[in-house]
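Now for the letters of each chain:
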Amino acid sequence: MNFLPVTALESAATITRPETTSWTAHIDGQLVGSGDATPRSDGRLFISIDAWHRPVFDQLADAMLADLPGELATLVDDFDQDLLDAWQSAGLNARRRLRQFALSTEPRAGLAQARPAGVELLPLGGADPEFLWRLERELRADAGEGWAQMPFDLLRGPAGDTPPSPSEYAVALTGGEYIGLAQARPVMRSGRLTGRAWLGLVAVKSEWRHRGVATALVQSALAELHAQGVRTASTEVTQPNDAAIGLLEGLGAQQLSDTVELVRHGE
């Protein structure tokens, strides 16, 4: 974002909140900026501002941050230093750098769905809820402090104890033991499929990594999405994560952008 010179403004903007999730800025009756808040399925609230002038941005940011309690987040293109500076001046801090990808769910010629011997794949919705919940907790313990950096949006209750929904997960198991999962969720609009999906958490127990389990899980989930009429899946990877980026590129994913996630932590 390239802000116009401050001299272009002759007076402060009037900030209004026409809806619960939107703000507008007017000067002399003309719209000069707007802000939005979008809730995600993990309970976090992502905010954005569109303004040509830095003072208008600052006024909108002040109003939104005052109106919205708790943790807030926003995404900024990695190269947009002006916008990064504006959000940091408003009180948000950089949490992580992300790389966004898009990949087709269409099965690719020459890319056969394979899995290690003795490993079984359960389709989306096929996992036992209690076993899935147990696996998620084991993966969390295995990741340690790195769990907080994983780009996924599991639905969580206030105490962080809401089990994951089996409908969103493909699972790998061996000998009855769950060893890995891949989250995939079609994007809905007005109760209808949009032809797009979100590929979230992909994780495998440490002793089963580098054996092709993660690739098999993602291929399985994408094939199911394709059968449901979904043609494109989006995902993001916390940098640096060469293994995850290599997996996606091996499946034909196209890089969309590099972004910075900034957050204001709740009181």
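Residues numbered from 1 in each chain as written. Predicted model: local features only at pLDDT ≥ 70, side-chain atom pairs only at ≥ 80, totals over all residues. Heavy atoms only, no water.

**With respect to the packing of aromatic side chains**
Formally: In this analysis, rings of Phe, Tyr and Trp, with Trp reduced to its six-membered ring, are considered paired at centre separations within 6.5 Å, and the interplanar angle assigns stacked below 30 degrees, edge-to-face beyond 60, and tilted for intermediate values. Here a strand is any run of E in DSSP of at least two residues, a helix any run of H or I of at least four, and the numbering for each starts at the N terminus. Relative accessible area decides the class of each residue, using a 1.4 Å probe on protein chains only: under 20% of the type maximum gives buried, over 50% gives exposed, and in between gives partly exposed.
Per the stated rule, a full pass over the model turns up two aromatic pairs. Considering the side-chain rings of Phe131 and Tyr178, the 5.6 Å spacing of their centres and the 90° angle between planes classify their relative orientation as edge-to-face. Separated by 47 residues along the polypeptide, Phe131 in helix 3 (residues 129–143) and Tyr178 in strand 9 (residues 177–189) bring together distant segments of the chain. Judged by its relative accessible area of 35%, Phe131 is partly exposed. A relative accessible area of 8% means that Tyr178 is categorised as buried.

**Things to note about the sheet that holds strand 1 (residues 14–19)**
Worth spelling out the cut-off: Following DSSP output, two strands are said to pair if at least two bridges run between them. A fitted line through C-alpha atoms serves as each axis, taken over the contacting stretch for helices, and the angle formed by two N-to-C directions is quoted from 0 to 180°. Here, two residues are considered to be in contact whenever any of their heavy atoms come within 4.5 Å of each other.
Strand order in the open sheet made by the 12 strands is 1-2-3-4-5-12-6-11-10-9-8-7, with mixed pairing throughout. Either end of the sheet is taken by a strand with one partner, and the two such strands are strand 1 and strand 7 (120–122). Between one strand and the next, the sheet's axes are offset by a mean angle of 25°, whatever the strand orientation. Both strand 5 (residues 72–77) and strand 12 (residues 254–264) contribute to a ladder of six bridges, which runs antiparallel. Note that in strand 12 the partner of Val76 across the bridge is Val260. In the packing of helix 4 (residues 213–227) onto the sheet, the strands contacted are strand 6 (93–104), strand 7, strand 8 (169–174), strand 9, strand 10 (192–204) and strand 11 (232–238), and the crossing angle to strand 9 comes to about 30°.

**Digging into the environment of Leu121**
By secondary structure assignment, the location of Leu121 is in strand 7. Take Leu121: its relative accessible area is 16%, and that puts it in the buried class. Separated by 96 residues in sequence, Leu121 and Leu217 place their C-alpha atoms 7.2 Å apart.

**Some points on helix 1 (residues 54–67)**
Cut-off, in case you're wondering: A helix is expected to span 1.5 Å for every residue after the first.
Taking 1.5 Å of rise per residue, the 14 residues of helix 1 would be expected to cover 20 Å, and the 20 Å separating its terminal C-alpha atoms lies within 8% of that figure. All buried positions along helix 1 are accounted for by Val56, Phe57, Leu60, Ala61, Ala63, Met64 and Leu65.

**Considering the nonpolar core**
Note the threshold: Nonpolar cores are built from buried Ala, Val, Leu, Ile, Met, Phe, Trp, Tyr and Cys residues. Side-chain atoms within 4.5 Å join them into one set.
With 29 residues, the main nonpolar core has Ala172, Val213, Leu217, Leu225 and Leu248 as its most contacted residues. At the level of elements, strand 6, strand 8, strand 9, strand 10, helix 4, strand 11 and helix 5 (242–250) are the ones that each hand at least two residues to this core. In terms of residue count, helix 4 provides more of this core than any other element does, seven residues in total. Those residues in contact with Leu217 that lie beyond four places of it in its chain are Leu121, Ala170, Val171, Ala172, Gly180, Leu181, Ala182 and Val204. With 27 residues, the next largest nonpolar core counts Trp23, Ala51, Val56 and Ala63 among its residues.

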